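Here are the chains, one letter per residue:
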4 protein chains.
Amino acid sequence: MKFKKRKFAIVGGDLRQIKLSQYLSKKGYEVSIFGFDKNKIELKKNIMISPSLKKTMEDIDIVIGPIPCSRDNTTLFTKYYEGKILLKDLFKCIPRDKIFMAGNITPEMKIILDNKKVKVIDLLKREELAILNAIPTGEGAIQYAMENSDITLNGSECLVLGYGRCGKVLANMLKGLGANTTVEARNFKDLAYIKSYGYKALHLKDLKKHIGKFDFIFNTIPSLILNKEILNEIKENALIIDLASKPGGVDYDAAKELGIKAISVLSLPGKVAPESAALIIYNTIFNVCAEMGVTL
Amino acid sequence: MKFKKRKFAIVGGDLRQIKLSQYLSKKGYEVSIFGFDKNKIELKKNIMISPSLKKTMEDIDIVIGPIPCSRDNTTLFTKYYEGKILLKDLFKCIPRDKIFMAGNITPEMKIILDNKKVKVIDLLKREELAILNAIPTGEGAIQYAMENSDITLNGSECLVLGYGRCGKVLANMLKGLGANTTVEARNFKDLAYIKSYGYKALHLKDLKKHIGKFDFIFNTIPSLILNKEILNEIKENALIIDLASKPGGVDYDAAKELGIKAISVLSLPGKVAPESAALIIYNTIFNVCAEMGVTL
Amino acid sequence: MKFKKRKFAIVGGDLRQIKLSQYLSKKGYEVSIFGFDKNKIELKKNIMISPSLKKTMEDIDIVIGPIPCSRDNTTLFTKYYEGKILLKDLFKCIPRDKIFMAGNITPEMKIILDNKKVKVIDLLKREELAILNAIPTGEGAIQYAMENSDITLNGSECLVLGYGRCGKVLANMLKGLGANTTVEARNFKDLAYIKSYGYKALHLKDLKKHIGKFDFIFNTIPSLILNKEILNEIKENALIIDLASKPGGVDYDAAKELGIKAISVLSLPGKVAPESAALIIYNTIFNVCAEMGVTL
Amino acid sequence: MKFKKRKFAIVGGDLRQIKLSQYLSKKGYEVSIFGFDKNKIELKKNIMISPSLKKTMEDIDIVIGPIPCSRDNTTLFTKYYEGKILLKDLFKCIPRDKIFMAGNITPEMKIILDNKKVKVIDLLKREELAILNAIPTGEGAIQYAMENSDITLNGSECLVLGYGRCGKVLANMLKGLGANTTVEARNFKDLAYIKSYGYKALHLKDLKKHIGKFDFIFNTIPSLILNKEILNEIKENALIIDLASKPGGVDYDAAKELGIKAISVLSLPGKVAPESAALIIYNTIFNVCAEMGVTL
C-alpha cells in the first residue's frame, strides 16, 4: 500500500509563507494557498492561488496560518493581499479534526478551534523555532549595525544586553567577527556561562559605570534598560540596536535629545532572511508532526 | 569606624582548599586551617596549620569545608591528613550563628547545623560553581583525549554526548581547537541551540547509525548510553572519554571485550587545574555572601 | 627645550581624509586642509578649510594626499570638491624636503617630487595598510552578502576564492558567523594553511566539480576565474560577491544571461567604514614616520 | 591496459614510518619495510619486514627514509632497530632512476644519489608538510601546557612569541580554547595580521614591559629571546613552553635560578600524534609525485 502524502493549506502571512509553500511543493506535498494577490508578489510557476478560502481547504490535512496570526484579533495578517480575511471566516472553513498551526494564537481563537476538534499549534510557543529564529535575528542585527556605522565591528567594543536566545546567538556571532564582546546579565548563572564562552561579563548593577566604553550596544531585554540616566553615559557616536519588542528597551526621546543614534529593529527573520525563516518554520512543522505522531 | 575583615576557617579537603586559603590571605583575610599534614603538602610560608580543630574556630565568621564534605557520611574528606575528623566533632566546634559552606551537605548534616543556627550553604548546589567547573572539566577531558590518542583533535571527528553544562563548554573548546564537532541531544530545543552554535546536531535516535564515524567520543550523560549495541558500531581506534559520575555512561566490560579504549575521568577540576578550581570556589563564596547580605 | 608637534596638510580625497584630519587634530597636531567644499561635507567645528592650496602648505611637515592620488593621472582625486586641482600644481606647492604620502603614486609623479627632495611614500604599497584594509573589506563584503540574499550566512555554504589578504580575513569572519566555509587556492602551501585553520580546502582544479554546492561565492582573485563554463555549474539563487578590481573576476555578461546575481564591490573600506579606514591610514603614517626616524 | 600500482620501500625511522606503511598498504600499494625489529614494535599483520636491505629494494619505485634521515651523517636514523644501517650502504642499494624521499638530506647525500640518477626529495623542505606539522606541534604544546600547570588555559593570559607557521596555528588554537591570546612579532605586516585575527598584538620592543602579565609563554622563535633580563620580569608561577629547536629560546640556567618553569619540547608531531604526522607525510608524498608527474 502506497502512503499518500499530506496536503497543506497556506493561508495569509508574508514572504515566509510563500517560501514555505515552495519548500513543501518541492518536497512533493500538495499545497493550496490563499491570501496573496498575484500582482503583489512574484510567485513561482508551480504555486497556484486558490479561487476562494473554501476551495483552499478541500482535502487538506494541515492549515498553516500567518506568524503572527493576527494584528488586530479580528482579521488574518496578510501582507500581500488587498482584501480582508476575517478570523471567524477562516476558522469556519477549517475542516473538523484537522491541524492548524500559526503564531500567537489567543485563548479565544483556541476555544473556537477546540470546539471543532481542530488540533491547534502556536508556532511561536515552539522553543526550537524561537531559538532558530535567533539566527536570522542576530545576523539582521549585525547587518543593521554595519549599515549604520562608520566603523567596523571587528576590533570594536560591543555590548549585548541580555543573555537569552538572541543574546546567546548574537554574542557568538559578534565574537566570531572579531568584536571585543561584553555580555550583560543579572544572575550569577548566566554570568558564569558568559565567562565560559570567553566573553567579558558585565553585571547589570555595573552597567552605568561601564557603558561609556562601547561602540555598539545591542539590546535584547524587553524592558526600559537604556533610560535617560544610562544614555547620558554613552559615548558619542555609539550606536544602539534595539531588538526588544515595542515599546522597546530605549528611552527614544532622551536618545534623540542627547544625539544618540538608536534604532529599533523588529521581526528581522522575515525581513533579512525570509528563506531561512521559512525553512525554520518548515522544520518546526515536521518536529510538531513527529511529536503528534502524524506521519508526513 | 573601620570595617573589620571577616575571618575564615578552612577545614579539610584537597589542594583546592589550600589554594583557596592562599587567595583569601592574599586578599587580606585572616585564615586558620586544619585537616592537613605539613609533611603531606607544601604550604606557603604565610599559611599556618592550627594545633586543634577547636583552636581553628576561634573568632571565625565563615567555615569552609571540603567538596564533597564527606565520602562516608561519618568522617570529613581530608586528602592530605593522616588522622580522622568526625563530622559530628566538626559540627560541634562550629560556633553558633556562623556560616558553613561545603559540597554535598546531606539533610542529616543540615538538621544538626540548623539546630545551632549555623547558616548552611551547599556549594555544589550553586549553579555558577557547577557552570564554571565545566571549564576545567572540559579542558581536562581534552588533555586526557590528547594524551590517549595517536591523532590530533584538530581535524578529527568529535562527538559530545549531552548538551548540559559540560557538553556546552566542551563542544565550544573542541570546535575552537579545530575539531569537527557533533553534539548529541534528545530534545528539539537543545538541537536548535547546537545548530545555532555551528556544531553538527545528532538526535539520540540516530546515534547508532552515525557513531561509527567518530574518532573521539566524550560522554557527559549520567546513564548507560554507550551500551554493547552502540559500542559494537564504534570505529577501531576510537577513544571514549567518559565524564559521567559512577557507574558512568559506558559498558566497560563490553568495551574491553571489543578492544575499545574507554577512560572514565572524574573530579577533573581539582586534578588538572586546582588553582582555577580554587578561584571558582573563592568567587562563589563571594557571590553567596553578597546574596546573604554578608559584607566581606 | 619643548618639542614642537608636526604640522600636516591634508589635500583632497574622500571621507577618510576628513576623519584622518579629525584624528590628527584630536591628538594635538596642527592640520590644514584643502580640496573639500564646505557645502558638500559636514565638517567638525575644529576643522578649517584653507583659502588656497598655497596657504595650506605654510609651515607644514607632512602632506597627505588621496588614496588613490589620482584617477586620470592629471588631476588630484577630490570626492567632495567642485573645482579641479592639477597634480602639477600640487607638486609645485609642496615645500622642498618635506614628506608626501598618498596612494598609487606613479613613477612620473615620483620623479617630479624626487627632484624637489620631497620624500615620497606610496601608502598603498605599505603592507600593513593593505592587510588592515582587508578588515573593512571583509566586513563590507559580508554586509553586501547579507543585503542581497534571502538566506542567512550562518549555516550556509560559503566559498572564498583566493587566500591572500582579503581571503584570509574574510574566511575567518565567515567561519566566525557560523558559515560552512570553503577556501579555494592553487598551491599546496595555502591549502595546508586553509586546512590548519579549519576551513574546507578546495584546489582550483576541482572548482568546476564543486562550485554547484555554494550559496555564497566571494571572489578575491584578480583574474577571470568565474567564466561562463564555471558559472554554468552554479546553483540557482547563489550570490557572487566580486572583490577583485576592474575588470573583476566574473564574466558579467554570462552571469546576466544565466540569471546569476553577481555584484562587484570595490573600495569598501572608505564606503562601509570610513572611520576605521581613516584610523588605519593614521596608524600607517605613524609606522612610516617611525621607520624614517621622523619624530611626530 | 591496467595501470600497475607503485611499490614503496620504507627504510628506518620511527612510529610515523610504521603508520605510513599501514596507510600505503591500506590504499592497495605494495610496501616492503626494513630497519625495524619485530620485538621492538607492534606491527599490523599485513606488514612484513624484509630479510635484508637489498631484498627491500626489489621492484620498488619509491624509497621513503626517516625524518630526519640521519642524526650523525653516517648511519640512518632507526628508532626501533638494534642494528646499524650505514647511509652509504642504503644509497648503494637504491636502484637507479628511482625516487628517494626523506628529511634533512645533506648536499653530500644528494651528490651521491644524483650520480645514480635517483630523484631526491627533502620532505622537510616541503612547505605544506611544515605547515601541517604545525597542527600536531600546536596541539602538543597545548597538551604540555595543560599537564604542567595548575590553572586552565581558558581565561588565562597566553603569549605566543613569533608568528610563523607554529605561532599562527598555536595562537588560533589558544584563542579557540578561550585563552586571552597575545602574539608578539617584530614587523608591521605580521602585527597587522595578528590584529586582524583578533589577537592582541605585542611588538618585540615592548616585550619586557608587558611580559609580566602572562600565565603561559609559548616560544616559537629560534633565538635567545627569553634572556635573563626578560625572565626577570616574568610572573611567579608562569610556565614557559619552548618550541624552538636547540639551543632553544630560553636562558635555562637563568630560568632555573629564578625558579621559573621552562620546558623545551621538540619533535612533537611524532610524539603526540604519530598517526596524524604519518598522514601528513603520506599526503605530502602524493603532492610531490603529482608535481613530478609521477602517477601513483
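Further up the page is the structure itself.
Residues numbered from 1 in each chain as written. Chains lettered and ligands numbered in written order. Predicted model: local features only at pLDDT ≥ 70, side-chain atom pairs only at ≥ 80, totals over all residues. Heavy atoms only, no water.

## Structural notes on the overall build of chain A
As a reminder, the rule being used: Under the DSSP-based scheme used, a helix requires at least four consecutive residues in state H or I and a strand at least two consecutive residues in state E, with every element numbered from the N terminus. When accessible area is computed with a 1.4 Å probe and restricted to protein chains, residues below 20% of their type maximum are described as buried, those above 50% as exposed, and intermediate ones as partly exposed. Residue contacts follow a heavy-atom distance rule, with two residues in contact if any of their heavy atoms lie within 4.5 Å. Computed with the Shrake-Rupley method and a 1.4 Å probe, the accessible areas treat only the protein chains shown as cover for residues. Positive charges are assigned to Lys and Arg, negative charges to Asp and Glu, while His and the chain termini are left out of the count. Charged groups are reduced to one reference atom each: NZ for lysine, CZ for arginine, CG for aspartic acid, CD for glutamic acid.
For chain A, the count of helices and strands is 12 helices and 11 strands. Counting the 296 residues in chain A, one finds 58% classified as buried. Considering only contacts within chain A whose residues lie at least 6 apart along the sequence, 56% involve residues at least 24 apart. Here chain A has roughly 13,100 Å² of accessible surface; of this, 50% comes from carbon and sulfur atoms. In chain A, the 45 positive side-chain charges and the 33 negative ones have mean positions that sit 6 Å from each other.

## Quick word on the sheet that holds strand β10 (residues 239-242) of chain A
All names here are of chain A. Note the threshold: Following DSSP output, two strands are said to pair if at least two bridges run between them. Only the stretch in contact is used when fitting a helix axis, every axis being a line fitted to C-alpha atoms; angles between N-to-C directions are given from 0 to 180 degrees.
If you walk across this open sheet you meet the 6 strands as β8-β7-β6-β9-β10-β11, and the pairing is parallel. Both edges of this open sheet fall to β8 (200-203) and β11 (261-264), since each of them pairs with a single strand only. Here the average twist between neighbouring strands, direction ignored, is 20 degrees. Bridge count between strand β7 (residues 180-185) and β8: 4 bridges; the pairing is parallel. Residue pairing in the sheet places A185 in a bridge with H203 of β8. Sheet strands touched by helix α5 (residues 127-147): β9 (216-219) and β10. Its angle to β10, the strand with the most contacts, is close to 150 degrees. Along the sheet, helix α6 (residues 165-177) contacts β6 (157-161), β7 and β9; its crossing angle with β6, the most-contacted strand, is approximately 170 degrees.

## Points about the sheet that holds strand β5 (residues 119-122) of chain A
Residue and element names in this part refer to chain A. Strand order in this open sheet of 5 strands is β2-β1-β3-β4-β5, and the pairing throughout is parallel. Only two strands of the sheet have a single partner each, and these edge strands are β2 (30-34) and β5. Looking at each pair of strands side by side, their axes are set apart by 20 degrees on average, direction ignored.

## Let's talk about the pattern of salt bridges
The line we're drawing: Within this document, salt bridges are pairs made up of a side-chain nitrogen of Lys or Arg and a carboxyl oxygen of Asp or Glu, the two lying within 4 Å of each other.
Evaluation of the coordinates by the stated rule reveals 60 salt bridges over all chains. Between D61(B) and R6(B) there is a salt bridge; the shortest N-O distance is 3.7 Å. One end of the pair, D61(B), is in the loop between α2 (53-56) and β3 (62-64); the other, R6(B), is in the segment before β1 (7-11), and 55 residues separate them in sequence. Here D61(B) falls in the buried class, since its relative accessible area comes to 16%. With a shortest N-O distance of 3.1 Å, K208(C) and E229(C) are connected by a salt bridge. Here the residue K208(C) occupies a position in helix α8 (residues 207-210), and E229(C) occupies one in helix α9 (residues 228-231), the gap between them amounting to 21 residues. Note on K208(C): relative accessible area 36%, which makes it partly exposed. Exposure remark for E229(C): the relative accessible area of 47% places this residue in the partly exposed category. Within this structure, K19(A), E275(A) and D150(C) form a network of salt bridges that share partners.

## Notes on the relation of the copies chain A and chain C
Under the convention used in this document: Superposing the copies works by least squares over the C-alpha atoms of residues that have pLDDT at least 70 in both of them.
You can overlay chain A on chain C at an RMSD of 0.1 Å; the transform is a turn of 180 degrees with a shift of 0.0 Å along its axis. What the rotation and shift describe, once combined, is the action of a two-fold rotation axis. Within chain A, the C-alpha atom positioned nearest to the axis of rotation is that of G176(A), 1.7 Å from it. Of all interface residues in chain A, 100% are interface residues in chain C too; the two copies therefore contact each other through one and the same surface.

## Observations concerning the pairing of strand β11 (residues 261-264) of chain C
Residues and elements named next belong to chain C. Note the cut-off: Handedness rule for crossovers: strands pointing away from the viewer, path from the first strand over the helix to the second running clockwise, crossover right-handed.
In terms of strand pairing, strand β10 (residues 239-242) meets β11 through 4 bridges, oriented parallel. Paired with L239 across the two strands is K261, which belongs to β11. As for the winding sense of the linkage, the β-α-β connection from β10 through helix α10 (residues 252-258) to β11 is right-handed.

## Brief notes about the interface of chain A and chain C
So the rule is basically this: Two parts placed together each lose some accessible area under a 1.4 Å probe, and adding up what both lose gives the buried area. Within 3.5 Å is the distance limit for a polar contact, defined as a pair of N or O atoms, with the added protein rule that one can donate a hydrogen and the other accept it, and that residues adjacent in sequence qualify only through two side-chain atoms.
In this assembly, 25 residues from chain A lie in contact with 25 residues from chain C. Buried surface at the junction of chain A and chain C, summed over both partners, amounts to about 2,100 Å²; 53% is from carbon and sulfur atoms. Per-residue buried area on chain A facing chain C is highest for E139(A), M146(A) and D150(A); these three make up 28% of the total on that side. Applying the counting rule to chain A against chain C returns 2 salt bridges. Close ionic contact of D150(C) with K19(A) constitutes a salt bridge, the shortest N to O distance being 3.2 Å. For the pair chain A and chain C, the number of links is 11 residue pairs in polar contact (both at pLDDT 80 or more).

## Describing helix α7 (residues 188-196) of chain C
Every buried residue of α7(C) is accounted for by D190(C), L191(C), A192(C), Y193(C), I194(C) and S196(C). Against β7 (180-185) and β8 (200-203) of chain C together with α5 (127-147) and α6 (165-177) of chain D lie the buried residues of α7(C). Of the residues that open α7(C), the one with a side-chain oxygen 3.2 Å from the backbone nitrogen of K189(C) is N187(C). Among the residues trailing α7(C), G198(C) stands out with phi positive, at a value near 85 degrees.

## Quick look at the pairing of strand β7 (residues 180-185) of chain B
Residue and element names in this part refer to chain B. Extensive coverage of β7 is indicated by the burial of 5 of its 6 residues. As judged from the 5 bridges shared by strand β6 (residues 157-161) and β7, these two strands associate in the parallel manner. Among the inter-strand pairings, C158 is bridged to a residue of β7, identified as T181. Remark: the β6/helix α6 (residues 165-177)/β7 crossover connection has right-handed handedness. Crossover connection from β7 via helix α7 (residues 188-196) to parallel strand β8 (residues 200-203): handedness right-handed.

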